[in-house]
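In case you want the letters, here they are:
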Amino acid sequence: MSSRGALSPAPSVERSILSIRGQKVILDRDLAVLYGVPTKALKQAVKRNIGRFPKDFMFVLTPEEFTEWRSQFVTSKADRIGLRYPPMAFTEQGVAMLSSVLNSERAIQVHIEIMRAFVHLRRFIATNRNLARRLDRLEKKCNAQLKIVFDAIR
């Protein structure tokens, strides 16, 4: 994170990460804000370099996904500005590629923060999985002990 305060704090990056099609992605409009460029300029840069963005790096939301996303996340008229077209969704690899396409000092710093956010998210998910497994084991153990108690009461 830059000490100049030019970048958004990591939590706002983490809030920008959505789950779409079972993948963790960041939408073009959120990336444009982070990179400090208009969404239109970001999309143009991607289109000029489309060969760098295979479907596992970036995809465009389907009309159904776009409608569902708009209904869930867009609540004011101000948020609808620039939403005539479905957004592009960038996976972690797509974000890495995008930073090379935009190629500026800010893009490098933003890329670093976004990668940190994805790593933090992976750690959080792994921790929750471990906790879920431990709770399952505890529940099975308690259920066995409770069964013994109920059998004794009967």
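What this report covers is the structure whose coordinates are included nearby. Source: prediction; values computed, not measured.

### What about the pairing of strand β1 (residues 17–20)?
Here is step 1: Note that β1 and strand β2 (residues 23–27) share 4 bridges and pair antiparallel. Among the inter-strand pairings, Ile-20 is bridged to a residue of β2, identified as Gln-23.
Here is step 2: Between the antiparallel neighbours β1 and β2 lie 2 residues, among them Arg-21 with a positive phi of about 55°.

### Details of the pairing of β2
Here is step 1: Of the strand pairs in this sheet, β2 and strand β4 (residues 88–90) are connected by 2 bridges, and their pairing is antiparallel. Each residue of the ladder has a partner; that of Leu-27, found in β4, is Ala-89.

### A look at unusual backbone geometry
Negative phi is the rule for most residues except glycine; trans is the rule for most peptide bonds.
Here is step 1: Although it is not a glycine, Arg-21 sits at a positive phi angle of roughly 55°.
Here is step 2: Among the secondary structure elements, Arg-21 is positioned in the loop between β1 and β2.
Here is step 3: The exposure class of Arg-21 is partly exposed, given its relative accessible area of 42%.

About the thresholds
- Residues numbered from 1 in each chain as written.
- Predicted model: local features only at pLDDT ≥ 70, side-chain atom pairs only at ≥ 80, totals over all residues.
- Heavy atoms only, no water.
- Pairing = 2+ DSSP bridges.
- Helix = DSSP H or I, 4+ residues; strand = E, 2+ residues; numbered from the N terminus.
- Buried < 20%, exposed > 50% of the residue type's maximum accessible area, 1.4 Å probe, protein only.

Remember, this is a structural readout, not a statement about activity or role.
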